[in-house]
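# Fold and contact review
These are the residues of each chain, in order.
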Amino acid sequence: MTNPASIAEPLVLIVPAAAAAILALLPSYRISSKLNVLATLITLSAALTLVVHRPNPSAYLLVDDLNVFLIVLNTFVGFTASAFSAGYIEHELENGKLTPTYLRFYHAMYQVLMFGMNLALMANNIGLMWVAIELATLTTVLMVGIYRTHEAIEAAWKYFILGSVGIALALFGTIIVYLAALPVVGEGLDAMAWNVLTTRSAEFDPALLNLAFVFLLLGYGTKVGLAPLHAWLPDAHAEGPTPISAVLSGLLLNVALYAVLRFKILLAANAGALAPGPLMVVMGLASLSFAAFMLYRRRDIKRFFAYSSIEHMGIATFAFGMGGPLANFAGLLHMAMHSLTKSAIFYSVGHVAQVKGTQRIKDIGGLTASHPLLGWSLVAGVLAIAGLPPFGIFMSEFLVLSSTFARQPLLAVPFAFGLLIAFGALIWRLHKMAFGDPGEAKHVPGPSGLKLLAVFGHLTLVFVAGFYLPPALTAWFRHVALLLG
Amino acid sequence: MGIAVALIVQGGQMMLVLLLAPLLTGLVRKIKARLLRRQGPSVIQPYRDLLRLLRKEVVLAQTASPVFRAAPYVIFAAIWVAAALVPTFATGLMFSWSADLIAIVALLGTARFMLALAGLDVGTSFGGIGSSREMMIASLAEPAMLMVVFTLSLVAQTTQLSSIARFMLEHSVGLRVSLAMAVVALLMVAIAENARIPVDNPATHLELTMVHEAMVLEYSGRHLAMIELGAALKLLLYVSLIGCLFLPWGLARAGDDPSAYLLAILLYLAKLAAGGGLLAVFETSIAKMRVFRVPEFLGAALMLGLLAALLLFVSKSF
Amino acid sequence: MHSFQFDVAHLLASGLVLASFMLLYQDRMFGVINVFVLHAVLLAMAVAWQAYVQDAPHLYITAAIALVFKGTVIPVALYRIVRRLDIHRNIEKVVGVGSTMLIGIGLVSLSIAVMLPVTHRAGAFTSEDLVFALAVVLLGLLMMTTRRNAVSQVIGFMSLENGLILAAAGAKGMPLVVEISVAFSVLIAFIVIGVFLFRIRERFDSVDVQALDRFRGDRG
């Protein structure tokens with residue numbers, strides 16, 4: 001009787017790849033979008049199987065405590081995003097923003113993106129992980145530019161340039177890690193495998209590890225969207241199609257942060273290496289404060305929430321930089337919660353933009369009056385992301401704050417300050433958008449309850465996570481928190 | 001006996017450079033003319049020109065100061081000393097302890113300084129143009145030269161020219177990228193310093209293209225003779241410098257027997273001839289640059305010099 | 001003191017750094033493309049030499065890929081693109097040539113200062129390979145940031161990639177995954193470049209990124 005894990009593991013990768021190939025050839029967009037959803041559903045089930053039956057690490061693939069929840073999260077949000085995308089795309093086709101040929105391209109790229117992200121999460125080889133992240137970045141670059149307006153192309157170009165620079169620096173760091181491993185592990189695949197590296201990293205040359213980490217933090221940090229390397233993020237979110245913004249914010253940022261975490265584990269095990277904490281704390285705090293202030297002046301709704309993503313990635317990085325079991329736990333929880341909440345918000349925002357016909361905040365108002373279901377879903381999402389109890393984000397932010405008070409009380413002040421400023425901006429804008437005067441625009445019917453199912457599903461999960469986490473998840477988080485140092 | 005011989009050899013070198021300098025200039029001119037399908041002046045024409053100038057009367061402007069009168073002598077003296085110190089056919093000569101590369105650069109700098117002052121002295125506009133352009137060229141050429149000097153000293157662990165030449169001769173230096181870059185930089189600096197095409201045209205009297213000629217426009221008689229001889233010596237100096245540093249084969253060492261010295265002198269003459277020929281071919285095949293492009297040209301030389309010195313640090317640490 | 005093998009490796013790697021400098025001061029489009037061909041050829045030779053010295057035959061494949069793709073296919077395609085789109089032949093620079101060169105020298109010294117002490121233990125070949133590789137990467141970055149023209153930015157990025165390939169070749173025994181990633185990035189970069197340049201052309205008359213800047217969205 002074959003181990004289900006040994007089937008599930010490659011399935012998580014093969015299904016998106018095969019789906020991409022099929023979707024590239026399929027002419028009818030209606031079937032494409034349904035096939036897209038189906039493919040992501042199958043991938044999700046395969047990922048869930050992996051939770052129960054953990055496969056053994058092979059030379060190229062690895063499933064352990066750190067990435068298993070991320071894989072499930074990845075496939076889950078991929079599934080809901082594809083469902084959202086199916087409805088969204090129909091609307092875009094109607095108002096002529098996209099043509100059927102581009103839709104074929106879009107769906108195929110979506111599956112390639114899923115493939116890339118899953119591979120990045122599951123890779124046991126640092127080089128393979130790099131290749132996968134590069135693949136994922138390139139597909140998103142192509143999709144950001146899909147509308148082919150001036151702004152879209154500029155956004156995609158900026159993303160391409162900054163992303164490529166980040167990838168290049170990350171590769172350099174990867175090579176140096178291999179160099180550090182070389183005298184200890186010997187040549188060949190073993191010197192690039194995570195499971196080997198984590199056990200032997202205490203013997204590596206600390207100077208090499210330090211140098212490598214600087215490059216890796218700068219390189220992968222660009223893809224996480226940490227200030228001052230964030231310049232591509234707002235444009236990419238604003239100009240690309242909304243499902244892509246959801247996937248970017250919810251998933252790709254997490255994958256990049258996951259890469260940074262893997263390398264941080266290597267450094268944590270080595271006594272002589274510099275503490276990566278202060279560096280990450282500074283970058284996290286800078287991102288948080290910068291994004292919080294920028295939230296006030298944003299006029300485009302998607303750009304607004306893009307800055308919110310920068311803020312939350314800053315919080316997560318800050319948490320991992322603080323270190324210690326509590327802060328690390330909080331960071332991991334935050335990654336998951338942010339992913340669910342931000343994607344839910346982007347689903348609502350996508351519908352809002354289509355219903356109101358504009359992305360400018362000042363033209364959007366009184367949503368709860370004109371489209372109650374949509375309006376209240378947006379309210380719930382923004383309240384969740386702002387960190388109101390009992391949503392999960394409140395829990396993770398609270399844990400980070402208390403851990404900071406315990407270890408470095410002085411840092412807690414700017415951290416809390418940043419949170420409060422962001423909170424203010426979010427509530428202020430929400431008030432304008434959800435309540436207030438709906439305006440005299442022609443009433444476009446809002447999305448049905450079915451379409452908003454994804455939003456509510458995500459938000460319910462976040463709500464529940466605020467006061468209950470499954471014990472298996474807590475165990476994984478605790479284990480990883482210990483490894484992270 | 002040993003000291004007398006050494007003194008004679010050293011004195012011989014001093015006279016040799018003095019006598020060969022106009023010949024080199026004549027050779028370059030002859031080859032250039034031949035390449036342009038002209039007959040050209042005879043190879044010994046510069047000697048005739050110098051003798052003619054020595055016999056002529058010196059005409060001074062009314063506004064000329066003592067600096068103007070003293071400058072040619074200072075220039076000539078500085079360049080002659082510098083040229084005499086460069087090992088032409090032998091290393092380890094009597095005065096070679098003073099032949100520090102930086103000292104040579106300083107001597108050449110002094111000569112240039114006096115020339116620029118002389119150009120400014122009389123108060124004509126041509127002189128002013130020449131002096132300012134010369135200083136612009138110098139401000140880039142001198143750092144480039146110094147970077148080349150640093151590179152060479154880092155390789156040979158000394159700045160004394162004679163020792164560097166002996167180092168190049170004796171040790172297998174191998175394929176050194178830094179030296180390749182240094183020689184290219186030195187060539188570019190040499191072209192700029194000697195007022196050759198593409199930096200300056202030695203045969204022109206057009207305002208637009210003059211640098212060196214502009215500064216000496218007011219000179220006549222024996223003053224002009226000394227300056228012309230100085231310029232010829234400078235060319236010889238640079239060719240010998242490149243020869244002894246990068247093509248050191250045949251240099252006689254202190255204590256070799258006279259046949260080695262003879263061979264070395266013959267080889268040296270051959271190097272001079274080859275250098276002159278190559279210079280003539282190069283000048284004929286390239287056009288003069290516009291003056292504002294000269295900083296780019298020399299900037300490239302400076303960059304090459306800097307890079308050469310930097311790259312040495314990488315290879316030297318092993 | 002120095003083996004012949006080390007000298008040749010040193011020669012080729014520093015030749016690559018020199019080619020990166022040459023890329024920096026070009027002010028005409030075809031000049032940039034020509035120097036890039038030189039860059040790619042030097043890279044191929046450097047990697048091939050590393051293959052010979054390390055006795056690692058798979059690096060010959062990398063050298064061949066670099067030669068074919070970056071030395072031939074991509075420059076030819078770029079020539080066609082420049083000619084067909086009738087792109088502005090002059091390259092505008094953000095900072096003057098002199099300052100760019102000085103910054104470049106500074107970056108090379110930075111690379112030496114950072115990499116040399118750290119990689120010293122790894123041996124002569126690896127160390128000098130990595131020092132020069134980082135220098136080429138940094139110079140490629142400099143080129144990307146001081147150029148207004150999209151084509152030359154792309155060439156800057158590809159020269160940066162060349163530096164990475166040099167680094168990967170210097171790291172002894174890095175498995176075939178490197179070759180795959182290298183070839184991969186070449187292919188994808190090419191596709192994206194091609195797609196982009198055509199998309200950009202459709203919207204703009206020149207591939208001048210400053211014209212793109214008008215549509216900088218971040219004010220909203």
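Only a predicted model underlies this, so the values are computations on that prediction, with no experimental measurement involved. (Residues numbered from 1 in each chain as written. Chains lettered and ligands numbered in written order. Predicted model: local features only at pLDDT ≥ 70, side-chain atom pairs only at ≥ 80, totals over all residues.)

This paragraph deals with the overall build of chain B. Counting its regular elements, chain B contains 11 helices and zero strands. Put simply, chain B runs from its N terminus to its C terminus through helices and strands in the order α-α-α-α-α-α-α-α-α-α-α. Taking 2.2 N^0.38 as the reference for a compact globule, 318 residues should give roughly 20 Å; the C-alpha atoms of chain B span a radius of gyration of 20 Å, in line with that estimate. Taken along the three principal axes of its C-alpha coordinates, chain B extends 60 × 45 × 45 Å. When the 318 residues of chain B are sorted by exposure, 47% land in the buried category. Considering only residue pairs separated by 6 or more positions, chain B has 82% of its internal contacts joining residues 24 or more positions apart. (Helix = DSSP H or I, 4+ residues; strand = E, 2+ residues; numbered from the N terminus. Rg over C-alpha atoms; globule rule 2.2 N^0.38 Å. Buried ≥ 20, exposed ≤ 12 C-beta atoms within 10 Å, placed from the backbone. Contact = placed C-beta atoms within 7 Å.)

What follows deals with the overall build of chain C. For chain C, the helix and strand inventory stands at eight helices and zero strands. Mapped in sequence order, the helices and strands of chain C form the string α-α-α-α-α-α-α-α. Classification of the 220 residues of chain C by burial places 50% in the buried group. In chain C, of all internal contacts separated by at least 6 residues, the share reaching a separation of at least 24 is 74%.

What follows deals with the environment of Gly 119 of chain B. All names here are of chain B. With respect to the secondary-structure elements, Gly 119 resides in helix 4 (residues 101–121). Here the alpha-carbon distance between Gly 119 and Val 216, two residues 97 residues apart in the chain, equals 6.5 Å. Those residues in contact with Gly 119, other than ones at most four positions away along the chain, are Gly 127, Gly 130, Ser 131, Ala 214 and Met 215.

Frequently, the measure chosen for interface size is the accessible area that the parts lose on association. Taken together, the contact between chain C and chain B spans 19 residues of the former and 15 residues of the latter. Listed by contribution, the elements that provide at least two residues to the side of chain C that touches chain B are helix 1 (4–25), helix 4 (97–119) and helix 5 (124–145) of chain C. Take the side of chain C that touches chain B: its biggest share by element is eight residues, from helix 4 of chain C. Looking at the side of chain C that touches chain B, its residues break down into 12 nonpolar, five polar and two charged. (Nonpolar A, V, L, I, M, F, W, Y, C, P; charged D, E, K, R; others polar.)

Moving on, we come to the packing of helix 1 of chain C against helix 2 (residues 29–54) of chain C. All names here are of chain C. Their axes nearest at 9 Å, the elements helix 1 and helix 2 cross at an angle of 160 degrees. Between helix 1 and helix 2, the crossing angle belongs to the class labelled roughly antiparallel. Like other packed secondary-structure pairs, helix 1 and helix 2 cross with a definite hand, here left-handed. Facing Gln 5, Val 8, Ala 9, Leu 12, Ala 13, Gly 15, Leu 16, Ala 19, Ser 20, Met 22 and Leu 23 of helix 1, the residues of helix 2 in contact are Val 32, Val 35, Phe 36, Leu 38, His 39, Leu 42, Leu 43, Met 45, Ala 46, Trp 49, Gln 50 and Val 53. Of the residues assigned to the contact of helix 1 with helix 2, the class counts are 18 nonpolar, five polar and no charged. (Axes fitted to C-alpha atoms, helices over the stretch in contact; angles between N-to-C directions. Parallel < 35°, antiparallel > 145°, perpendicular 65-115°, else oblique. Left-handed = near helix turned anticlockwise from the far one by under 90°.)

Considering soluble globular proteins, one finds that nonpolar side chains tend to be buried as a cluster. One finds Val 255 of chain A, Ala 144, Ala 185, Val 189 and Leu 236 of chain B together with Leu 16 and Leu 166 of chain C to be the most contacted residues of the largest nonpolar core, which totals 362 residues. It is helix 6 (residues 150–185) of chain A that contributes the most residues to this core, 25 residues altogether. Residues contacting Leu 16 of chain C, with those up to four places away along its chain left out, are His 39, Leu 42, Leu 43, Ala 46, Phe 132, Val 136 and Leu 166 of chain C. (Core = buried A, V, L, I, M, F, W, Y, C linked by C-beta atoms within 7 Å.)

A word on the confidence of the model for chain B. Taken over all residues, the pLDDT of chain B has a mean of 88, while the share at 70 or more is 97%. The weakest mean pLDDT in chain B belongs to helix 6 (residues 161–170) of chain B at 84; the strongest belongs to helix 2 (residues 45–55) of chain B at 94. (pLDDT = per-residue confidence, 0-100.)

What follows is about the environment of Leu 261 of chain A. Residues and elements named next belong to chain A. With respect to the element layout, Leu 261 can be found in helix 10 (residues 242–269). By the C-beta count within 10 Å, which is 25 here, Leu 261 ends up buried. Between the alpha carbons of Leu 261 and Phe 320 there is a distance of 8.1 Å; along the sequence they are 59 residues apart. Not counting residues within four places of it along the chain, the set of residues in contact with Leu 261 comprises Leu 66, Phe 320 and Leu 484.

Once contacts are tallied for each of the two pairs of chains in contact, the highest total is for chains A and C. Of all C-alpha pairs spanning chain A and chain B, none lies closer than 18 Å, and the two are not in contact.

The subject of this paragraph is unusual backbone geometry. That bond from Pro 389 of chain A to Pro 390 of chain A is cis: its omega, -5 degrees, falls within 30 degrees of zero. Summarising the element assignment, Pro 390 of chain A is placed in the loop between helix 15 (372–386) and helix 16 (392–407). In this structure, the amide linkage connecting Ile 197 of chain B to the following residue, Pro 198 of chain B, adopts the cis form with an omega of 10 degrees. With respect to the element layout, Pro 198 of chain B can be found in the loop between helix 7 (177–193) and helix 8 (212–215). Although it is not a glycine, Gln 157 of chain B adopts a positive phi angle of roughly 65 degrees.

What follows concerns the packing of helix 13 (residues 325–356) of chain A against helix 16 of chain A. All names here are of chain A. Contact geometry of helix 13 with helix 16 gives a least axis separation of 8 Å together with a crossing angle of 155 degrees. Here helix 16 runs roughly antiparallel to helix 13, going by the angle between their axes. Remark: the crossing between helix 13 and helix 16 carries left-handed chirality. Between helix 13 and helix 16, the contacting residues are Leu 326, Ala 327, Phe 329, Ala 330, Leu 333, His 334, Met 337, His 338 and Thr 341 on the first element and Gly 392, Ile 393, Met 395, Ser 396, Leu 399, Val 400 and Ser 403 on the second. Among the residues making up the contact of helix 13 with helix 16, the classes are represented as 10 nonpolar, six polar and no charged.

All names here are of chain B. Between its first and last C-alpha, helix 10 (residues 258–285) extends 41 Å over 28 residues, near the 40 Å set by a 1.5 Å rise per residue. Considered for burial, the residues of helix 10 that qualify are Ala 264, Tyr 268, Lys 271, Leu 272, Gly 275, Gly 276, Leu 279, Ala 280 and Glu 283. At its buried positions, helix 10 is contacted by helix 1 (2–35) and helix 9 (221–246). (Expected span 1.5 Å × (residues − 1).)

Note that predicted coordinates carrying low pLDDT should not be read in detail. Residues and elements named next belong to chain C. Model confidence for chain C is summarised by a mean pLDDT of 78, while 75% of its residues fall at 70 or above. Across chain C, the element-wise mean pLDDT spans from 58 in helix 8 (residues 209–213) up to 90 in helix 2. In the model, residues 202–206 has pLDDT below 50 throughout and makes seven contacts with residues more than four positions away in sequence or in other chains. Interface confidence for the predicted complex, given as ipTM, is 0.84, next to a pTM of 0.83.

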